[in-house]
Amino acid sequence: MKPHVADWSTKVRCARIVAQDGTTVRITEHPVDLVMSNGQVYRCDTGYEFTGYDDDASMAPGSFDLTGILDHGITRDQLGSGVFDNARIYAFATSWKAPIEDEEPNALAFLGKTTLNDSTYSTEVMSASDVLSQDVGRIYSPQCQWVLFDRHLGPTGDVIIASTRSRCTGPRSDPDGPNIDTFRVTGTITAVTSQYQFQDSGRTEADDWFTAGEVLFTGGQNAGLAPIKIKQSTSGGQFYLHGGTYYMPQIGDTYMMIPGCRLRLSEDCRDKFSNVINFGGQPHVPSTSEYTQVGRGS
């Protein structure tokens with residue numbers, strides 16, 4: 001049972017969309033903006049529409065759909081580059097006479113598949129209850145299962161990964177394990193080949209130092225968009241990206257970058273980051289083909 005229910009005669013629905021980098025959009029279906037008791041403003045002119053909501057008393061997760069007009073709160077660039085991938089949505093009801101944020105919680109959900117159509121988009125919203133239907137638990141793997149630094153790059157420098165895969169420098173780890181602030185670098189593009197390749201001739205790191213790492217643009221048209229995985233890096237400062245940049249990079253664009261971990265015990269965890277104590281793989285467990293072999297006589 002809900003701890004509190006908003007006044008049914010003046011009830012209005014609102015939602016708060018929070019991206020992993022902290023970017024927040026507040027919306028309401030009321031015809032005018034709502035100022036909550038804590039001072040937060042929920043806008044009515046953003047072009048959003050709650051196109052459906054269902055919930056019941058069973059264990060089945062509730063769901064709702066959301067349609068919006070681009071460049072009103074959420075931009076095409078942000079959606080296309082993944083800034084709002086897996087963003088959390090806090091849906092709630094309140095009274096337009098005396099609006100209170102999260103007065104009657106309706107759902108905690110995550111942004112799912114988004115479809116762009118000209119200047120509008122529609123997105124599927126997955127309930128947090130869907131997590132109960134997911135397989136969880138660790139598996140045996142010769143490679144490490146953790147995320148390097150327990151963080152990814154974000155507009156403020158780093159975003160904590162709130163998952164069980166965050167143990168590279170987690171609670172059980174060596175306090176002297178790798179720190180993102182020590183390895184994070186900045187630079188400026190000196191040459192551009194394509195949306196998948198650029199160069200910074202000022203970089204002096206060895207081959208593959210940034211391979212499997214991330215780059216976040218802090219200047220130019222791509223500034224503020226989602227970080228991009230690095231497919232390969234060379235000692236001459238050449239960078240090849242897994243996914244192309246949303247806009248074509250330009251000479252002079254600035255960036256922030258962190259090295260990558262290819263999840264190997266010797267080459268990465270020991271030699272590159274001196275963090276073997278937190279290695280999350282099982283490289284010495286024999287494979288099925290080994291332990292099911294039939295013994296042979298001499």
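Above this text you will find the structure in question.
Read on for a plain summary of the structure. Note that the structure is predicted; figures quoted are calculated from it, not measured. (Residues numbered from 1 in each chain as written. Predicted model: local features only at pLDDT ≥ 70, side-chain atom pairs only at ≥ 80, totals over all residues. Heavy atoms only, no water.)

What about the pattern of salt bridges?
Selection criterion: Take a side-chain nitrogen of Lys or Arg and a carboxyl oxygen of Asp or Glu: if they are within 4 Å of each other, that pair is a salt bridge. Runs of E in the DSSP output that reach at least two residues are strands. Runs of H or I that reach at least four are helices, and both are numbered from the N terminus. Type-normalised accessible area, obtained with a 1.4 Å probe on protein chains alone, sets the label of each residue: buried when under 20%, exposed when over 50%, and partly exposed for intermediate values.
Under the criterion given, the structure shown has 12 salt bridges. The shortest N-O distance in the salt bridge between Arg26 and Glu101 comes to 3.8 Å. Note that Arg26 is positioned in strand 2 (residues 24-28) and Glu101 in the loop between strand 7 (88-95) and strand 8 (104-117), a separation of 75 residues in sequence. One salt bridge in this structure joins Arg203 and Asp200, with 3.9 Å as the shortest N-O distance. We classify Asp200 as buried; its relative accessible area is 6%.

Side note on the packing of aromatic side chains
Pairs of aromatic rings are described using the distance from one ring centre to the other and the angle between the two planes. Rules: Any pair of Phe, Tyr and Trp rings, taking the six-membered ring for Trp, is counted once the centres come within 6.5 Å. Such a pair is stacked with planes under 30 degrees apart, edge-to-face with planes over 60 apart, and tilted for the rest. Each ring is checked for a lysine NZ or an arginine CZ that lies within 6 Å of its centre and within 35 degrees of its normal; such an atom marks a charge sitting over the ring.
Scanning the entire structure with this criterion turns up 12 aromatic pairs. Between Tyr246 and Tyr247, the aromatic rings sit 5.1 Å apart at their centres with planes inclined by 85°, giving edge-to-face as the arrangement. An aromatic cluster is defined as three or more aromatic residues linked by ring pairs; in this entry it consists of Phe198, Phe210, Phe217, Phe239 and Tyr255. Here Lys272 stacks its cationic end above the ring of Trp209, 4.8 Å away from the centre of that ring.

What to know about the environment of Thr23
Mapped onto the fold, Thr23 is located in the loop between strand 1 (11-18) and strand 2. Placed 60 residues apart in sequence, Thr23 and Val83 show a C-alpha to C-alpha distance of 8.6 Å.

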